[in-house]
Amino acid sequence: MFEREGGGIALIAISAVCLFCLAPMLQLAFAAARVLQSGAADAFALLTGPTIMRAIFNTLAIATGSTVLAVILGGTVAVALATMTMQTRRALAFLFVLSLMVAPQVSALAFKTLAGPSSPILNTLGIAPPPGTPNPMLGYGGIILVMGLHHAPLVAITVATGLVRIPRSLVEAARIDGARHFAIVTGIIMPVIRLNILSAILLAFVAGVGNFGIPALLGLPVGIITLPTMVYRQLASFGRGAIDDAALVSLLIAAMAGIAVIASSWLMARRDVRTETEHGLEPFIHRPAFARSVEILLWAFFAATILLPLASLVATSLVPAYGVTLSLESITFAQYTGTMWQQALIRRAFANSLTFAGGAAAVLAVLSLLIAYALDRRLSRARMVILPVIEMPYALPGVVVAIACILLFVKPLPFAGVTIYGTAWIIVFAYMASFLAVAAKPVVAAVASLERDVEEAALLDGARVTARLTQIILPLVLPAIAAGGVMAFLLAFNELTISALLWSAGTETLGVALLNLEDAGLATEAAALAVVATGVVATLMALLEAASRHLPENALPWRQLCPGTGAGTRQAAPVLPGRRTAIPVRSPGGDCAAGRACLLLEASARDSLRHRDQARQPNRHVQQARRPQGGLRL
């Protein structure tokens, strides 16, 4: 009965998806096609020129190196947090994801101030490089290191989406069979999540190809140009045909990223191991000494790669000038109390970022509810088409979205005769296009999980769709709407790539202000601005964590790294000898490694239970003697 109404909501949802997600991408494709049609030889010469080829090599080399580092670190952290009993694993997951939510340019600035010869912390400790020594963070090594550390949480979250779907019974069957912990991780868990790992590799590569903030701060000062920084320079030159050239380079970036995104989606669609979500994976490594050692190692690693760079940023903001040794006599709060706020650029950037990100997040929250309701009630058959279109701008690099928005609005709008190019509205539009997927994801999941009984009762009572949506659906999914809106705000508040290409006089954002302060040599002001921006992000994340029990399970990314701690989950039941173990559903073909593992474990578990039942009959003491010794928790 829901399919016969809600046509207006479905029309609004489709119009929003077409306007914010489909139109910019089509405009980019049409513009590139026009350039190729009008001058294919010139376009070919541009794309094969030595400058472009060098930028392509730098982009691929940096993306590959950072991907390798991110996969090793992120995969290790994800598996450790999901399988080991740690007292502080939620705090570890929160801190790990915080490093991802901090803007890339802030991470680059933090490492730059930490390792240079003017580092306040290294100078205080007396281990700073000699004056005049090049900053070791400037160059390929520094870019790959910072980018790999920044994208490691992205890999961990992607891997964790596969870990949470591993049936608990699969691990319990292996433990009944006497498998050791290392064998369970390498022989059972890794084959099941292998496609998630491949997807994480591709997503990290896409993020590396499209990253602008880290190469801009650590690469441009030493002449290392990547494709995103080349687009930034082309637009900044205001030369003839700059937009056309930037569109071609953006299309090249989109092609590189699009191939990886399509490959990732194809891999996830071919996931041939059916898993259950009701009783997902929980920590099963309970050896206190080993788990405690790993926990200490994780805290030490996070302290060195997350807390220490942020501490360097704070120390830089507390000295009167960059290069001054931090001491009790040199500490000053002038950057926070006066110097930073006396600059109109910083005050304007804070106001703009709050306004642009807040406005975009508020509109996205409303649109998310309408889109989620329309997808679940009226457009369920088109769900598999609409959702990929929504996720497309978020998956593509920000520079591609920015160029697409420029091409869409560089000319006056039809019928209206006005354009939003050069105004603040184009930045808000680009934010909405990029982060609609982030805001809609938890709302779509929340609406899909609602029972329809209450709404059907209201429908029989004569309630119209607007009344049911606002009085029944909205209160139930309001936490998910708030979570999606706040996540979109967090990403837009510190964003740099889009605003760096779309800003104009009076519309500077925090990312643009930070880049301008760094270019002007005002390191202490830039550090203070980065500290305040990071504090805002950390505070909002802490508020979300405090309200997490009101949100859908796994709605927050750091919660996905800690399976088995949700409000709706229970503690792992001990594997008692007399309890039947649920055998996981195996793949239909049964020919994959995970499917064979399921078959072997199923047979092994049944053999163990049969032997145990036979041993129980004559004597309980004989049963105790014949009970499998490995992996049992009593």
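Cut-offs applied
- Residues numbered from 1 in each chain as written.
- Predicted model: local features only at pLDDT ≥ 70, side-chain atom pairs only at ≥ 80, totals over all residues.
- Heavy atoms only, no water.
- UniProt positions renumbered as here; feature names shortened; annotations may be inferred.
- Helix = DSSP H or I, 4+ residues; strand = E, 2+ residues; numbered from the N terminus.
- Expected span 1.5 Å × (residues − 1).
- Bend = angle between axes of the 7 residues up to and from the residue.
- Buried < 20%, exposed > 50% of the residue type's maximum accessible area, 1.4 Å probe, protein only.
- Phe/Tyr/Trp six-rings, centres within 6.5 Å; stacked < 30°, edge-to-face > 60°.
- Salt bridge = Lys/Arg side-chain N within 4 Å of Asp/Glu carboxyl O.
- pLDDT = per-residue confidence, 0-100.
- Contact = heavy atoms within 4.5 Å.
- Axes fitted to C-alpha atoms, helices over the stretch in contact; angles between N-to-C directions.
- Parallel < 35°, antiparallel > 145°, perpendicular 65-115°, else oblique.
- Left-handed = near helix turned anticlockwise from the far one by under 90°.
- Nonpolar A, V, L, I, M, F, W, Y, C, P; charged D, E, K, R; others polar.

Looking up the protein chain in an unreviewed UniProt entry gives the name Iron ABC transporter permease, with the organism given as Oricola thermophila. Taken directly from UniProt, the Sequence similarities (unreviewed entry) text for the protein chain runs: "Belongs to the binding-protein-dependent transport system permease family."

### Section: helix α7 (residues 140-163)
The terminal C-alpha atoms of α7, which comprises 24 residues, lie 33 Å apart, in line with the 34 Å expected from a rise of 1.5 Å per residue. The sharpest bend along α7 measures roughly 30° and falls at H151, with the proline P153 sitting one to four residues further on. Counting buried residues in α7 gives 18 out of 24 residues, a clear majority hidden from the surface.

### Re the packing of aromatic side chains
If you walk through the whole model with that rule in mind, you get eight aromatic pairs. Considering the side-chain rings of Y431 and F435, the 6.2 Å spacing of their centres and the 40° angle between planes classify their relative orientation as tilted. Of this pair, Y431 and F435 both sit in helix α19 (residues 424-448), four residues apart, roughly one helical turn.

### Observations concerning the pattern of salt bridges
Tallied over the entire structure, the rule returns seven salt bridges. Put simply, K112 and E518 hold a salt bridge, and the shortest N to O gap is 2.7 Å. With K112 in helix α5 (residues 104-115) and E518 in helix α23 (residues 510-519), the pair connects residues that are 406 residues apart, well separated along the chain. Between E508 and R348 there is a salt bridge, with the nearest N and O atoms lying 2.9 Å from each other. A residue pair is termed long-range when its members are at least 10 positions apart, and E508 in the loop between α22 (497-502) and α23 and R348 in helix α16 (residues 344-377) qualify at 160 residues.

### Quick notes on the confidence of the model for the protein chain
Per-chain confidence: the protein chain averages 79 in pLDDT, with 83% of residues scoring 70 or above. A low-confidence stretch, residues 567-634 stays under pLDDT 50, and its non-local contacts, those more than four residues away or across chains, total 93 contacts.

### Observations regarding the packing of helix α3 (residues 50-83) against helix α4 (residues 89-101)
As a packed pair, α3 and α4 sit with axes 10 Å apart at the nearest point and diverge in direction by 155°. With respect to their mutual orientation, α3 and α4 come out roughly antiparallel. Where α3 crosses over α4, the handedness of that crossing is left-handed. Every residue of α4 that contacts α3 at G74, V77, L81 and A82 is listed here: R89, L92, A93 and F96. Of the residues contributing to the contact of α3 with α4, the split by class is six nonpolar, one polar and one charged.

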